[in-house]
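Take a look at the letters that make up each chain.
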Amino acid sequence: MKPHFSHVETWIFDLDNTLYPPRMRLFDQIEVRMTEWVMRELGVERAEADRLRHAYWAEYGTTLAGLMEVHGVDPHGYLHEVHDISFDVLTPDAALGAHVAALPGRRIVYTNGSAPYAERVLQARGLDGLFDAVYGVEHAEFRPKPERRAFETILALGGIDPARAAMFEDDPRNLAAPHAMGMRTVHVAPEPEPQPHIHHHTDDLTEFLSRLV
């Protein structure tokens, strides 16, 4: 495994369901908050709000991107409200932190959530202070993964050479652009979804990183 990553100088990690396991179900709270926001702001019933949330995620990459495109929503208040959740379900992971810290080169978090939210997740997981930068969707001009332009914005902001970078991500569609740009791609999820743009799969990020350092 290690030779496949010998060229990597920048390690880019998605946040939700990547730097914590899906079984902790933190994102369930965000989905509830999103549905409630859509119900209130668009004046629709819960079933329609859930339908729109899923439809916009599928078509635009995130629910927020669809709300901005179709309804002209201001993203700042939305991001603050949907991320106002409890982090009690998260537990520190010293082993993961040790392996992240041992990675050679720069370590970066890039999420479709907001950077302040990401910082709170990292703190709850005991991973704060390990990353050289934390980028949220606001740093990509509110363009979401999987858009290539979103990745290009973040890479330019960080001065990152994609040919010397690796991307860890739970959503397989968000690895297509990194692959096309020359990154090593790792799908972090309970089950593999073999696709040409996915180089590696793991259901245990800590164990996977242990083989790289």
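Structure report, in brief. Quantities reported herein were computed from a predicted structural model and do not represent experimental measurements.

### What to know about the overall build of the protein
Scanning the protein from N- to C-terminus turns up nine helices and six strands. Relative to the globule expectation of 17 Å for 213 residues, the C-alpha radius of gyration of the protein, 17 Å, shows essentially globular dimensions. By residue count, 49% of the 213 residues in the protein fall in the buried class. Partitioning the intrachain contacts of the protein with sequence separation of at least 6 by distance along the chain shows that 63% fall at a separation of at least 24. For the protein, the accessible area works out to roughly 9,700 Å², and carbon and sulfur atoms hold 51% of it.

### Topic: the side chain of aspartate 16
Topologically, aspartate 16 is positioned in the loop between β1 (10-13) and α1 (26-42). The side chain of aspartate 16 sits in the buried core without any salt bridge; lysine 145 is the nearest counter-charge, 8.3 Å away. Polar contacts involving the side chain of aspartate 16 include one to the side chain of tyrosine 20, which spans 2.7 Å. Setting aside its immediate chain neighbours within four residues, aspartate 16 contacts Leu26, Phe27, Thr111, Tyr117 and Asp170.

### Some words on the pattern of salt bridges
Using the criterion set out here, one finds 15 salt bridges in the structure. One salt bridge connects aspartate 28 with arginine 25, and the closest N-O pair in it is separated by 2.6 Å. Measuring nitrogen to oxygen at the nearest pair gives 3.0 Å for the salt bridge that ties arginine 148 to glutamate 152. With arginine 148 and glutamate 152 both in helix α7 (residues 148-158) and four residues apart, the pair spans about one turn of that helix. Judged by relative accessible area, which is 37%, glutamate 152 ranks as partly exposed. One network of salt bridges, with partners in common, ties together Asp14, Lys145 and Glu169.

Definitions and cut-offs
Residues numbered from 1 in each chain as written. Predicted model: local features only at pLDDT ≥ 70, side-chain atom pairs only at ≥ 80, totals over all residues. Heavy atoms only, no water. Helix = DSSP H or I, 4+ residues; strand = E, 2+ residues; numbered from the N terminus. Rg over C-alpha atoms; globule rule 2.2 N^0.38 Å. Buried < 20%, exposed > 50% of the residue type's maximum accessible area, 1.4 Å probe, protein only. Contact = heavy atoms within 4.5 Å. Areas by Shrake-Rupley, 256 points an atom, 1.4 Å probe, with all protein chains shown as cover. Lys, Arg positive; Asp, Glu negative; His and termini not counted. Salt bridge = Lys/Arg side-chain N within 4 Å of Asp/Glu carboxyl O. Polar contact = N/O pair within 3.5 Å; in protein donor to acceptor, adjacent residues only side chain to side chain.

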